[in-house]
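Letter by letter, the chains look like this.
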Amino acid sequence: YLWWLGRSSVAGREINWVAGVGWGGQKLYIVPSLDLVVAITASDYDFFPAPNLVGNTALEIALRAALEH
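As the structure is a computational prediction, the values presented were derived from the model and not from experiment. (Residues numbered from 1 in each chain as written. Predicted model: local features only at pLDDT ≥ 70, side-chain atom pairs only at ≥ 80, totals over all residues. Heavy atoms only, no water.)

Some words on a nonpolar patch on the surface
Here is step 1: On the surface, a cluster of nonpolar side chains totalling about 320 Å² of accessible area is made up of Trp-3, Leu-28 and Val-37.
Here is step 2: Summarising the element assignment, Trp-3 is placed in strand β1 (residues 2–10). (Patch = residues over 30% accessible without salt bridge, like charges linked within 9 Å, V, L, I, M, F, W, Y side chains within 5 Å. Areas by Shrake-Rupley, 256 points an atom, 1.4 Å probe, with all protein chains shown as cover. Salt bridge = Lys/Arg side-chain N within 4 Å of Asp/Glu carboxyl O. Helix = DSSP H or I, 4+ residues; strand = E, 2+ residues; numbered from the N terminus.)

Considering the packing of aromatic side chains
Here is step 1: In this structure the tally under the stated criterion is 1 aromatic pair.
Here is step 2: Judged by centre distance (5.3 Å) and plane angle (90 degrees), the ring pair of Trp-17 and Tyr-29 falls under edge-to-face. Of this pair, Trp-17 sits in strand β2 (residues 13–21) while Tyr-29 is found in strand β3 (residues 27–31), placing the two residues 12 residues apart along the sequence. An identical accessibility class is assigned to Trp-17 and Tyr-29; each is buried. (Phe/Tyr/Trp six-rings, centres within 6.5 Å; stacked < 30°, edge-to-face > 60°. Buried < 20%, exposed > 50% of the residue type's maximum accessible area, 1.4 Å probe, protein only.)

By themselves, these observations are geometric and do not establish any function.
So this is what it looks like as structure tokens:
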């Protein structure tokens with residue numbers, strides 16, 4: 001239900017992204033500068049102790065891989 005503007009620092013580079021955030025940690029990250037979309041379709045649903053860990057980790061892995069490509 002919510003859209004957010006954000007940025008991540010990866011390999012000394014600031015990368016801007018837009019994220020759609022839903023219930024249970026469902027996330028859709030859009031990274032225009034890298035022509036990248038990262039979809040997270042499974043997360044905590046009140047059972048996982050760190051609700052942003054899944055999405056943040058997946059985004060970081062995808063950003064690092066896109067920068068190496």
